[in-house]
Amino acid sequence: QVQLVESGGGLVQTGGSLRLSCAASVSISSFNSMGWYRQAPGKQRDLVASITRGGSTNYANSVKGRFTISIDNAKNTVYLQMNSVKPEDTAVYYCNAARNIHLQYWGQGTQVTVSS
């Protein structure tokens, strides 16, 4: 059974940095892609950043230049480095792992709150 466990969320001031981690219970090389999504209260869950098995990355326009997604295959972990955070980055952040469009897994979410 695949489990994704996020960590690293918390309270950070505007302009600060935070690094989220997502540890998988299986080899992350078994996934076609991994990513981070976020959901603010009353809003839909949106893609923040993703990375394919080949290393190609994709970012939401709102985080380009500020957030960086990376993976550590040896640790079966995907990271989201968040720099220059803004209050609008406040949300629950979810880790996602996809084998294909029909087979995806989600973590339990970690809260990120940016104070102004």
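Conventions and cut-offs
Residues numbered from 1 in each chain as written. Predicted model: local features only at pLDDT ≥ 70, side-chain atom pairs only at ≥ 80, totals over all residues. Heavy atoms only, no water. Disulfide = S-S within 2.5 Å. Helix = DSSP H or I, 4+ residues; strand = E, 2+ residues; numbered from the N terminus. Buried < 20%, exposed > 50% of the residue type's maximum accessible area, 1.4 Å probe, protein only. Pairing = 2+ DSSP bridges. Axes fitted to C-alpha atoms, helices over the stretch in contact; angles between N-to-C directions.

*Asks:* Would you mind going over the state of the cysteines with me for this structure?
*Replies:* The bond known as a disulfide is covalent and runs between the sulfur atoms of two cysteines. Inspection of every chain in the model, using the stated rule, returns 1 disulfide. Shown here is the disulfide that connects C22 with C95, its sulfur atoms set 2.1 Å apart. Between C22 and C95, the S-S torsion sits near -80°, and that sign places the bridge as left-handed. In this pair, C22 is assigned in strand 3 (residues 18-24) and C95 in strand 9 (residues 91-100), connecting sequence segments 73 residues apart. Owing to a relative accessible area of 0%, C22 belongs among the buried residues under this scheme. C95 gets classed as buried once you look at its relative accessible area, which sits at 0%.

*Asks:* Got a minute to help me understand the sheet that holds strand 1 (residues 4-7) in this structure?
*Replies:* A sheet is described by the order of its strands in space; here 4 strands give the open sequence 1-3-8-7, paired in antiparallel fashion. Only two strands of the sheet have a single neighbouring strand rather than two, namely strand 1 and strand 7 (67-72). Neighbour to neighbour, the strand axes of the sheet diverge by 15° on average, direction disregarded. Relative to strand 8 (residues 77-82), strand 3 runs antiparallel, the two being bridged by 6 bridges. Within the sheet, the bridge partner assigned to S21 lies in strand 8 and is Y79.

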